[in-house]
Amino acid sequence: MLGTDKSECRRTTTMTMSFWLLLFSFGLFAISAHAQSPDTTAPFIDIEELSDVVADRTQVFTVQVEEDNELQEVTLYHRRAGELPYTPATMQPVGNTGYFSVSIPTDSQDLRTIEYYIKAGDVSGNRTVSGFAFDPYRRTLKEAPFPLQPSSSPGLAGESPAQQQPAATTPILQRRWVQITLGVLAVGVVASLASDSGDETRIVPLTFTLE
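In this numbering scheme, every chain counts its residues from 1 along its sequence in written order. A pLDDT threshold of at least 70 governs which residues receive local features in this predicted model, and a stricter bar of 80 or more applies before side-chain atom pairs are shown or counted, although totals over entire chains, interfaces and linings include all residues. Only heavy atoms go into the side-chain values, all of them from the structure, while hydrogens and water stay out.

(A) Main features of the packing of aromatic side chains. Aromatic rings from Phe, Tyr and Trp, with only the six-membered ring used for Trp, were paired whenever their centres fell within 6.5 Å, and each pair was classed as stacked if the ring planes differed by under 30 degrees, edge-to-face if by over 60, and tilted otherwise. Per the counting criterion, the structure on display carries 5 aromatic pairs. Site record: aromatic cluster; members linked through ring pairs are Phe 61, Tyr 116 and Tyr 137. Placement of a charge over a ring requires the Lys NZ or Arg CZ to be within 6 Å of the ring centre, with the centre-to-atom vector within 35 degrees of the ring normal. The ring centre of Phe 61 lies 3.9 Å from the NZ or CZ of Arg 139, which sits over that ring.

(B) View of the confidence of the model for the chain. A score from 0 to 100, pLDDT tells how confident the predictor is in each residue. In this model, the chain carries a mean pLDDT of 74, and residues with pLDDT of at least 70 account for 52%. Taken element by element, the predicted model of the chain shows its lowest mean pLDDT in helix α2 (residues 176–197) (48) and its highest in strand β5 (residues 87–90) (98). Across residues 150–158, confidence stays below pLDDT 50; counting only partners more than four residues off in sequence or on other chains, it has 4 contacts. The contact criterion used throughout is that any non-hydrogen atoms of two residues lie within 4.5 Å. Here residues 206–210 is a poorly scored stretch, pLDDT under 50, and it has 11 contacts once near neighbours within four places are set aside; other chains count. Where helices and strands are cited, they refer to DSSP runs of H or I of at least four residues and of E of at least two residues respectively, numbered from the N terminus.

(C) Looking closely at the pattern of salt bridges. Any carboxyl oxygen of Asp or Glu that lies within 4 Å of a side-chain nitrogen of Lys or Arg is treated as forming a salt bridge with it. Evaluated as defined, the whole model comprises 5 salt bridges. Note that Glu 115 is salt-bridged to Arg 79, the shortest N-O span being 2.8 Å. With a gap of 36 residues between them, Glu 115 in strand β8 (residues 114–122) and Arg 79 in strand β4 (residues 71–80) connect regions that are remote in the sequence. Each member of the pair, Glu 115 as well as Arg 79, carries the same accessibility label: buried. For Glu 83, the salt bridge is made with Arg 112, and the minimal N-O distance between the two is 3.7 Å. With Glu 83 in the loop between β4 and β5 and Arg 112 in the loop between β7 (99–105) and β8, the pair connects residues that are 29 residues apart, well separated along the chain. Think of it in three bands: with a 1.4 Å probe and only protein chains considered, a residue is buried below 20% of the maximum accessible area for its type, exposed above 50%, and partly exposed in between.

(D) Quick look at the sheet that holds strand β6 (residues 92–93). Note on pairing: two strands pair once DSSP finds at least 2 bridges between them. Strands sit in the order β1-β3-β7-β6 across an open sheet of 4 strands; the sheet is antiparallel. Each edge of the open sheet carries a strand with a single partner, namely β1 (44–47) and β6. The sheet contact formed by strand β3 (residues 58–66) and β7 spans 7 bridges and is antiparallel. Note on β7: the bridge partner recorded for Gln 64 is Tyr 99.

(E) Broad picture of a nonpolar patch on the surface. Residues enter a patch when their relative accessible area is above 30% and they make no salt bridge; the linking distance is 9 Å between like charges and 5 Å between nonpolar side chains (Val, Leu, Ile, Met, Phe, Trp, Tyr). Areas reported as accessible are Shrake-Rupley estimates using a 1.4 Å probe. Residue values count occlusion only from the protein chains shown. Together, Val 129, Phe 132 and Phe 134 give the surface a local cluster of nonpolar side chains, amounting to about 330 Å² of exposed area. Looking at the element boundaries, Val 129 is found in strand β9 (residues 127–130). Looking at Val 129, the relative accessible area reads 35%, which means it is partly exposed.

(F) Expanded view of the pairing of β4. Burial runs high along β4: 7 of the 10 residues are buried. In this sheet, β8 lies alongside β4 in antiparallel orientation, the contact comprising 9 bridges. Each bridged residue has a counterpart across the sheet, and for Arg 79 the counterpart in β8 is Glu 115. In this structure, β4 lies alongside β5, joined through 4 bridges in antiparallel fashion. Counterpart to Thr 75 in the pairing with β5 is Thr 90. Between β4 and β5, which pair antiparallel and follow one another directly, the connecting turn spans 6 residues, one of which, Gly 82, has a positive phi of 100 degrees.

Okay, here's the thing in structure tokens:
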């Protein structure tokens, strides 16, 4: 009887161990199968469409992208209304916020509508497109307000209109160098007349006024 009990105990122990080994193997298999299951979920793009934006030298586009695995890239495709090809521009992550942004150069004088759509893809090859080439988002542009025009004759800062008037020009006959020149010519004429007449030369006083 004792030997029978020992055999029965060994059998029970072996079955218990086999059960736990089977359960452990099944768990490992499930974990491995889950880890190796393909990612079939595409990224989700949340975009805020803007319109009536002031035309400037650049335009900024920002979107939020959600992905349960790992993103590979987010790309903006843009063009002006009336153009055929789209131009791709890679959007960069804004820290770890889930937002992606890109700035594209524009002309502040060009008011044509910007047409665009966005594509996001993960490392598993899943792709999501927000907007389409044949039905894109549209950003309308408006002209920037004109700056104040400068005055035609700007003066120094802080000057009144009266102070900005040019100084009055001194009449030519009141200038010192003209008065001196006329005086020298007058002396020469008087001396010449006195020499031609043969009369006694007299000194004629001349007065010069320098102002």
